[in-house]
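# Structural characterization, general
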Amino acid sequence: MAKKHLIALDLDGTLLKDDKTISPFTKNVLQKAQEEGHIICISTGRPFRSSKMYYEELNLKTPIVNFNGAFVHHPLDESWGFHHTTLDVSVVKEIVEIAEQHQVHNIFAEVLDHVYFHYHNEQWLDIFSIGNPKIEIGNLKAVLNRNVTSVLIHSDEENVKRIRHYLNEVHAEVVDHRSWAHPWHVIEIIRAGINKAVGLQKIAEFYNIPREQIIAFGDEDNDLEMIEYAGLGVAMGNGIEPLKEIADEITLTNEEDGVAKFLKELLSL
């Protein structure tokens, strides 16, 4: 039998089409890969509650990386481990203070399936309601009383740059931050040193898969470390230029079944 690979898949802009579905062709190829003995895992910035449906759709039985590596667990095996890395609540409140000064649209804090809204917003309530988390609305400086998994700041484009500059200047040693793709001007903040590669490494070690047999697919800046860590890092055709520059290969876009067509040819599926 050919070498067994660990295949790590980002969701949005990678595995998922723009309408947030997995194409039948892609699903079929991934099923064949699993039948051939390859190990498939999801590695996403999403919380588990909003990636669970894709995990189940692909009939996965593997650990999953959520919150860009801040939460790694095995949905079907509690004994596998529960890796949850948080941000100190005092640092979060300092960040909220600065964000308020920049008149941001909203600030969200997540503690796994508990979501805190700084301001009420119906559109974001719809987005965050996937998976039925517990939602609280109120001044985060008052309502937050525990360390958090991640913080999201929704602002206009100009202030995103200013806030990220502040984070680099003041909190570089304790937080890592990313920005979402257009049209969402959102800063996503997690604990420093945490990224998808950290989570993927835990999974690879569990299955005893060496780096050279890891294939990772991504499209955004939260995929940079994972693409660099994998023995074969693949950027989507719709991916950002910095990711394409460090990737080993570039495949077609998420709308063109880029993941499936690459794997079909590479693994002779």
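Predicted, not measured: the structure shown is a model, and the values here were computed from it. (Residues numbered from 1 in each chain as written. Predicted model: local features only at pLDDT ≥ 70, side-chain atom pairs only at ≥ 80, totals over all residues. Heavy atoms only, no water.)

### A few points about the overall build of the protein chain
Across its full length, the protein chain carries 11 helices and 14 strands. In terms of C-alpha radius of gyration, the protein chain reaches 18 Å, essentially the compact-globule figure of 18 Å for 269 residues. Along the first, second and third principal axes, the C-alpha set of the protein chain runs to 60 × 40 × 35 Å. Residue burial in the protein chain is summarised as follows: out of 269 residues, 54% are buried. Taking all contacts inside the protein chain whose residues are at least 6 apart in sequence as the whole, residues at least 24 apart take part in 56%. Summing over all exposed atoms, the protein chain offers an accessible surface of approximately 12200 Å²; the carbon and sulfur share of this is 47%. Placing the 25 positive and 42 negative side-chain charges of the protein chain at their respective mean positions leaves the two points 4 Å apart. (Helix = DSSP H or I, 4+ residues; strand = E, 2+ residues; numbered from the N terminus. Rg over C-alpha atoms; globule rule 2.2 N^0.38 Å. Buried < 20%, exposed > 50% of the residue type's maximum accessible area, 1.4 Å probe, protein only. Contact = heavy atoms within 4.5 Å. Areas by Shrake-Rupley, 256 points an atom, 1.4 Å probe, with all protein chains shown as cover. Lys, Arg positive; Asp, Glu negative; His and termini not counted. Charge placed at Lys NZ, Arg CZ, Asp CG, Glu CD.)

### As for helix α2 (residues 24-35)
Its 12 residues give α2 an end-to-end C-alpha distance of 16 Å, which sits within 8% of 16 Å, the value for a rise of 1.5 Å per residue. Burial in α2 covers these residues: Thr26, Val29, Leu30 and Ala33. All buried residues of α2 lie within an arc of 95° about the axis, which places them on one face of the element. Every exposed residue of α2 that faces more than 90 degrees away from the buried side is listed here: Pro24 and Glu35. On the buried face of α2, the contacting elements are β1 (6-9), α1 (11-15), β2 (39-42) and α11 (258-266). Positive phi shows up at Gly37, right after α2, with a value of about 100°. (Expected span 1.5 Å × (residues − 1). Arc of directions from axis to C-beta.)

### What about unusual backbone geometry?
The phi angle at Gln103 is positive, at roughly 50°, despite the residue not being glycine. In this structure, Gln103 sits in the loop between α4 (89-101) and β6 (106-111). The exposure class of Gln103 is exposed, given its relative accessible area of 67%. One non-glycine residue, Leu112, lies in the positive phi region at around 55°.

### Concerning the nonpolar core
Ile7, Leu9, Leu15, Phe217 and Leu263 are the most contacted members of the largest nonpolar core, which totals 34 residues. For this core, the elements supplying multiple residues, two or more each, are β1, α1, α2, β2, α3 (52-57), β12 (214-218), β13 (232-235) and α11. If one sorts the elements of this core by residue count, α11 sits on top with four residues. Once residues within four sequence positions are removed from consideration, Leu15 is found in contact with Leu9, Asp10, Thr21, Ile22, Thr26, Leu30, Leu58 and Val259. (Core = buried A, V, L, I, M, F, W, Y, C linked by side-chain atoms within 4.5 Å.)

### Notes on the domain arrangement of the protein chain
Annotation of the protein chain at the domain level lists domain 1 (6-84 + 194-267) and domain 2 (89-191). On a C-alpha basis, the centres of domain 1 and domain 2 stand 25 Å from each other. Contacts between the two partners involve 18 residues from domain 1, matched on the other side by 18 residues from domain 2. Approximately 1500 Å² of surface area, both sides summed, lies buried where domain 1 meets domain 2, with 52% of it carried by carbon and sulfur atoms. Applying the counting criterion to the domain 1 and domain 2 interface returns two salt bridges. With its nearest N and O atoms 3.2 Å apart, the salt bridge here joins Asp113 to Arg49. Put simply, domain 1 and domain 2 have seven residue pairs in polar contact (both at pLDDT 80 or more) between them. (Domains from an automatic or database assignment. Buried area = accessible area lost by both parts, 1.4 Å probe. Salt bridge = Lys/Arg side-chain N within 4 Å of Asp/Glu carboxyl O. Polar contact = N/O pair within 3.5 Å; in protein donor to acceptor, adjacent residues only side chain to side chain.)

### As for the side chain of Glu110
Counting through the fold element by element, Glu110 comes out in strand β6. For Glu110, the contacting residues outside a window of four places in its chain are Pro47, Arg49, Phe67, Val115, Phe128, Val148, Thr149, Ser150 and Leu152.

### Describing the sheet that holds strand β9 (residues 150-154)
Taken in spatial order, the six strands line up as β8-β7-β6-β9-β11-β10 in an open sheet, and their pairing is mixed. With one partner strand each, in any of the chains shown, β8 (134-137) and β10 (175-179) form the two edges of the open sheet. Neighbour to neighbour, the strand axes of the sheet diverge by 20° on average, direction disregarded. Note: β6 against β9, five bridges, orientation antiparallel. The residue of β9 that forms the bridge with Ala109 is Val151. Sheet strands touched by α4: β6, β9, β10 and β11 (186-191). Its angle to β9, the strand with the most contacts, is close to 0°. (Pairing = 2+ DSSP bridges. Axes fitted to C-alpha atoms, helices over the stretch in contact; angles between N-to-C directions.)

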